[in-house]
Amino acid sequence: MAERFDHFMARANAAYYATHNPFEDFTTAPELTQVFGELLGAWAKTVWQMMGAPEHRLLVEAGPGRGTLMRDALRVWPEAEVHFIETSPRLREEQRARVPQAIWHDSLASLPPGPMILLANEFLDALPVRQFIRTQTGWAERWVENGTYTERPSEFPLPDDPVGTIREINEAALAFCAALEARGAVALFIDYGPMQSAAGSSVQAIRAGKYADPLAEPGAADLTAHVDFAAIASRFSTQGPVKQNAFLTALGLFQRTDFLAQKNPEQAEALRLSARRLTAPEAMGSLFKALVLCPKELPKLPGLES
Ligand code: SAH
């Protein structure tokens, strides 16, 4: 069977998230420290006030994983009305254990109308990318056949590049952003990827905590691609991207960490270590970025001033 690469990636990830506990394979910011979700909860509450305090406090999370981020966010903003966009039945159960009052959706389409704030940590990177290779005769698209890459000529409009260049297009992420913009949502994306669009394949497979072959055994590994923040920022009204360390530091990561560390001395070391891991440039501080998609008329939102 021959399959376009993005279709392969979508199928592999749907199978992976339906059958695996991803948190045995990798860890994420909300799983490192409760402060991450608390800061995002405070951020969302402030943004809701800046939006003019709409009647419904619609707080949506896309790809909420174990529900940890939202559990922590609700400690700071308990009045929020929580909706989750999640396709994995298995992860929905995990989320229900931590946020029983949430309402679940397969996509943005079934959310109630009206102003909303969306949070998404490491969500866009799980969406499928199309890959194109510049050949002697023009652009070709990557397909997968019998566990190896093949190429087919493509009419997809791309700027010219040297022969051999690979370009990735995350159509699913762009469609998600277009739907958010159409409904006037404010969306905070935290994910890893460069500031400027970069050539090359960024697709990675992680299996049992180690890099694996993305094409071997679809569904056994988590497939991700770097998020092209510049591509989103050039098409939509956005603030940022800023590096994760600047964003979290501006929101008070270290103050909140110190406060909790003093109250819970037995956890002080772990809390401080996690804060450092989220901000150290060689760990998650620099490769991870925060980008907000929001209506043009909103003033600068917290953490995005730089
Ligand atoms: N935000 C969490 C989990 C990140 S893992 C954290 O930071 O810990 C990616 C999450 O996105 C998982 O919950 C996965 O099931 C979900 N997901 C992946 N593709 C999706 C899609 N197309 N639609 C909805 N959810 C998706």
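Scroll up a little and you will see the structure.
These numbers were taken from a predicted model, which means no experiment stands behind them.

Parameters at a glance
- Residues numbered from 1 in each chain as written.
- Predicted model: local features only at pLDDT ≥ 70, side-chain atom pairs only at ≥ 80, totals over all residues.
- Heavy atoms only, no water.
- Pairing = 2+ DSSP bridges.
- Helix = DSSP H or I, 4+ residues; strand = E, 2+ residues; numbered from the N terminus.
- Axes fitted to C-alpha atoms, helices over the stretch in contact; angles between N-to-C directions.
- Near = heavy atom within 4 Å.
- Polar contact = N/O pair within 3.5 Å; in protein donor to acceptor, adjacent residues only side chain to side chain.
- Areas by Shrake-Rupley, 256 points an atom, 1.4 Å probe, with all protein chains shown as cover.
- Nonpolar A, V, L, I, M, F, W, Y, C, P; charged D, E, K, R; others polar.
- Buried < 20%, exposed > 50% of the residue type's maximum accessible area, 1.4 Å probe, protein only.
- Right-handed = clockwise from strand over helix to strand, strands pointing away.

Each strand in a sheet pairs with its neighbour through backbone hydrogen bonds, running either in the same direction (parallel) or in the opposite one (antiparallel). What the seven strands build is an open sheet, ordered β4-β3-β2-β5-β10-β15-β14; its pairing is mixed. Looking at which strands have only one partner, the edges of the open sheet turn out to be β4 (103–105) and β14 (238–243). The average angle at which neighbouring strand axes cross in this sheet is 20 degrees, direction not considered. Two elements, strand β2 (residues 58–62) and strand β3 (residues 81–85), share five bridges in a ladder whose sense is parallel. By the bridge assignment for β3, L58 is matched with E81.

A word on the site of the ligand. Close to the ligand lie 16 residues, the nearest being T28, G63, G65, E86 and N121. G63 is positioned with one of its backbone polar atoms (N or O) 2.7 Å from a nitrogen atom of the ligand. N121 places a main-chain nitrogen or oxygen 2.7 Å from a nitrogen atom of the ligand. For the ligand, whose accessible area on its own is 570 Å², the fraction buried by protein is 90%. A breakdown of the residues in the shell around the ligand according to their chemical character gives eight nonpolar, six polar and two charged.

Turning our eyes to something else, we now look at the pairing of β3. Within β3, four of the five residues are buried, which leaves it mostly tucked inside the rest of the structure. Handedness of the crossover joining β2 and β3 through helix α4 (residues 68–76): right-handed. As defined by bridge partners, β3 adjoins β4 across three bridges and the pair is classed as parallel. Following the sheet pairing, F84 is matched in β4 by W104. Following the backbone out of β3, through helix α5 (residues 89–98) and into the adjacent parallel β4, one traces a crossover that is right-handed.

Another aspect to go through is the environment of N13. Position of N13 relative to the elements: it lies in helix α1 (residues 5–19). Along the primary structure N13 and I232 are separated by 219 residues, whereas in three dimensions their C-alpha atoms are 22 Å apart. A polar contact of 2.8 Å, which involves the side chain of N13, links it to the backbone oxygen of L223.

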